[in-house]
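Spelled out from the first residue to the last, the chains are:
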Amino acid sequence: MNNTLLLRPQLELAKLPTPLDRVENLGKSLGNLDLWFKRDDLTGFGLGGNKVRSLEYLAADAMKLNSNILITGGSPGSNHVRTTMAAAAHLGLRGVAVLSGNQPSKTNGNLLLDHILDAQLVFTGNPDRSNIDNYIVEEAERLRGKGENPYMIRRGGVSSLGCIGYVSAAVEICSQLKNLNLSPEILVCATGCGVTQAGLLVGFKLMGLNCRLYGITVSRTRDECISHIEQLVNETEDALGLDSRVTSDEIFVFDEYIGEGYSVPTSEGIDAIRLVARTEGIFLDPIYTGKAFSGLTDLIKKGFIDTDKTVIFLHTGGSPSIFSNSTIISNSNNLSDYVIDK
Ligand SMILES: *Cc1c(COP(=O)(O)O)cnc(C)c1O
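Since we're looking at a predicted model, the values are computed, not measured.

J.: Looking at this structure, I do not really get the overall build of the protein chain. What am I missing?
T.: What the protein chain contains, in helices and strands, is twelve helices and ten strands. Seen along its three principal axes, the alpha-carbon backbone of the protein chain occupies a region of about 65 × 50 × 35 Å. Within the protein chain, buried positions represent 57% of all 342 residues. As displayed, the protein chain offers around 14400 Å² of accessible surface, 47% of which is attributable to carbon and sulfur atoms. Across the protein chain, 31 positive and 39 negative side-chain charges occur, with their mean positions spaced 3 Å apart.

Structure, rendered in structure tokens:
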């Protein structure tokens, strides 16, 4: 195995390890579940979140290649774009972000942070996010033609290097579990591009941790996610030279909690934000973690997750999206039917 790849790059953006905390009040309101939060919302850099772990590896690679620009893309509300633009600023590089659609009428949430970071924003005029990577390639070629040396990062940081950030997060979690003498049966996380879930799968396998991973997808269908994650897992295992292989029957994804679509909040997701805030003083977001947590509570209600289990919820960040969805959140205030009494 290629151990050196797992070593943290010199360039440390994240504040690690992030806490692994018991959330007792919240666990009680979910039928006395032994529930823990892995606080990757607290990775610390550029308002934190899961993307910072991948970025450490990607930005280190960019520095190694003497790049002068970090270029990536996503939707105008992208957490990945915000943290990448912050990394560019921190490293003294230019940040270029290719964003889907047209310039929104309001500049708030992550887009406002991109502005504050002085990122160069290029709008595709096309609302479809799925072809953003093509626009990134085009823009990078244009920059290269002008003598620049841009480093391209795909939407969501999708790459084996990005996944390695979460393989090392899995190693970090295992060491925390050992110290706490804790054996969780299930870890639940929000799944978008699948970098997080793929990296954790490879890492748990590598560490021999027998903990199921439930990804709650916020955009793609279950089947799309599984084949996508399988590919990322394979690429990451190859990059690390691992013999142990994650098999496709170990990839669990639930696609019942997307609602109308990516970036459209659901009322269940907003209820989840309120419940977690009111029991723990912790803020989830409406695009990823709120939906993922609504999935966790529904899986408990349906008996798919037993309340005698120990469960970790991975908080992947995203809080700026609370503010770019303020109207829909403040207009929805229905927490009935949420608390599970047992
Ligand atoms: C990107 C993101 C995710 C999903 O992570 P992937 O690795 O793309 O699956 C989850 N939560 C938040 C807050 C994110 O920004």
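J.: Just checking my understanding: could you explain helix α7 (residues 195–207) for this structure?
T.: Note that an α-helix has 3.6 residues per turn; residues three or four places apart therefore point the same way. If you check α7, its first and last C-alpha atoms are 18 Å apart, about what 13 residues at 1.5 Å a residue would give, namely 18 Å. Among the 13 residues of α7, ten are classified as buried, and the element is accordingly described as predominantly covered. Within α7, burial applies to Val195, Thr196, Gln197, Ala198, Gly199, Leu200, Leu201, Val202, Gly203 and Phe204. Following α7 by one or two positions, Gly208 adopts a phi angle in the positive range, close to 70°.

J.: When you look at the sheet that holds strand β10 (residues 310–315) in this model, what are you seeing that I'm missing?
T.: Sheet strands pair by backbone hydrogen bonding; their relative direction is either parallel or antiparallel. What the six strands build is an open sheet, ordered β1-β2-β10-β7-β8-β9; its pairing is mixed. Because the sheet does not close on itself, it has two edges, and the strands there are β1 (20–22) and β9 (252–254). Neighbouring strand axes in the sheet, compared pairwise and without regard to direction, differ in orientation by 25° on average.

J.: Just to check I follow, could you spell out the pairing of strand β7 (residues 186–191) for this structure?
T.: Remark: a regular strand shows side chains that alternate across the two faces of the sheet. For β7, the buried fraction is high: six of the six residues fall into the buried class. Going residue by residue along β7, you find Ile186, Val188 and Ala190 tucked away on one face and Leu187, Cys189 and Thr191 tucked away on the opposite face as well. Here three bridges tie β7 to β10, and the two strands are oriented parallel to one another. Following the sheet pairing, Leu187 is matched in β10 by Ile312.

J.: Help me understand the site of the ligand in this model?
T.: Near the ligand there are 14 residues, and of these Lys51, Asn79, Gly192, Thr196 and Thr316 occur at the shortest range. In this structure, Asn79 approaches the ligand through a side-chain N or O atom, which is 2.8 Å from an oxygen atom. Taking Thr316, its side chain carries an N or O atom lying 2.6 Å from a nitrogen atom of the ligand. Among the elements of the structure, β7 and α7 are those that each provide at least two residues to the shell around the ligand. Tallied by class, residues from the shell around the ligand come to four nonpolar, nine polar and one charged.

J.: Looking at this structure, how should I read the sheet that holds strand β6 (residues 150–152)?
T.: Taken together, four strands build an open sheet; the order of strands is β5-β4-β3-β6 and the sheet is parallel. Looking at which strands have only one partner, the edges of the open sheet turn out to be β5 (120–123) and β6. In this sheet, neighbouring strand axes are inclined to one another by 25° on average, regardless of whether the strands run parallel or antiparallel. As defined by bridge partners, strand β3 (residues 69–74) adjoins strand β4 (residues 94–99) across six bridges and the pair is classed as parallel.

J.: What is the right way to look at the pairing of β4 in this model?
T.: The element β4 is extensively covered by neighbouring structure, given that five of its six residues are classed as buried. Once you follow β3 into helix α3 (residues 79–91) and on to β4, the crossover reads as right-handed. A crossover links β4 with its parallel partner β5, the connecting element being helix α4 (residues 109–116), and its sense is right-handed.

J.: Sorry if this is basic, but what is going on with the pattern of salt bridges here?
T.: Pairing is possible between side chains of opposite charge, provided their charged atoms come close. Counted by the stated rule, this structure contains 18 salt bridges. In the salt-bridge network here, residues are joined through shared partners; they are Lys38, Asp40, Arg53 and Glu172.

J.: Looking at this model, I keep getting lost on the nonpolar core. Mind explaining?
T.: Note that soluble globular proteins tend to have their nonpolar side chains buried in a common cluster. One finds Leu187, Leu200, Phe204 and Ile229 to be the most contacted residues of the largest nonpolar core, which totals 56 residues. Structurally, this core is a two-domain feature, drawing no fewer than three residues from each of domain 1 (3–49 + 159–336) and domain 2 (52–157). In this structure Leu187 touches Ile173, Leu200, Phe204, Cys211, Arg212, Leu213, Tyr214, Ile312 and Leu314, once residues within four positions along its chain are discounted. Among the nonpolar cores identified, the runner-up in size contains 31 residues, and Leu35, Phe37, Ile287 and Ala292 belong to it.

Calculation rules
- Residues numbered from 1 in each chain as written.
- Predicted model: local features only at pLDDT ≥ 70, side-chain atom pairs only at ≥ 80, totals over all residues.
- Heavy atoms only, no water.
- Helix = DSSP H or I, 4+ residues; strand = E, 2+ residues; numbered from the N terminus.
- Buried < 20%, exposed > 50% of the residue type's maximum accessible area, 1.4 Å probe, protein only.
- Areas by Shrake-Rupley, 256 points an atom, 1.4 Å probe, with all protein chains shown as cover.
- Lys, Arg positive; Asp, Glu negative; His and termini not counted.
- Charge placed at Lys NZ, Arg CZ, Asp CG, Glu CD.
- Expected span 1.5 Å × (residues − 1).
- Pairing = 2+ DSSP bridges.
- Axes fitted to C-alpha atoms, helices over the stretch in contact; angles between N-to-C directions.
- Near = heavy atom within 4 Å.
- Polar contact = N/O pair within 3.5 Å; in protein donor to acceptor, adjacent residues only side chain to side chain.
- Nonpolar A, V, L, I, M, F, W, Y, C, P; charged D, E, K, R; others polar.
- Right-handed = clockwise from strand over helix to strand, strands pointing away.
- Salt bridge = Lys/Arg side-chain N within 4 Å of Asp/Glu carboxyl O.
- Core = buried A, V, L, I, M, F, W, Y, C linked by side-chain atoms within 4.5 Å.
- Domains from an automatic or database assignment.
- Contact = heavy atoms within 4.5 Å.

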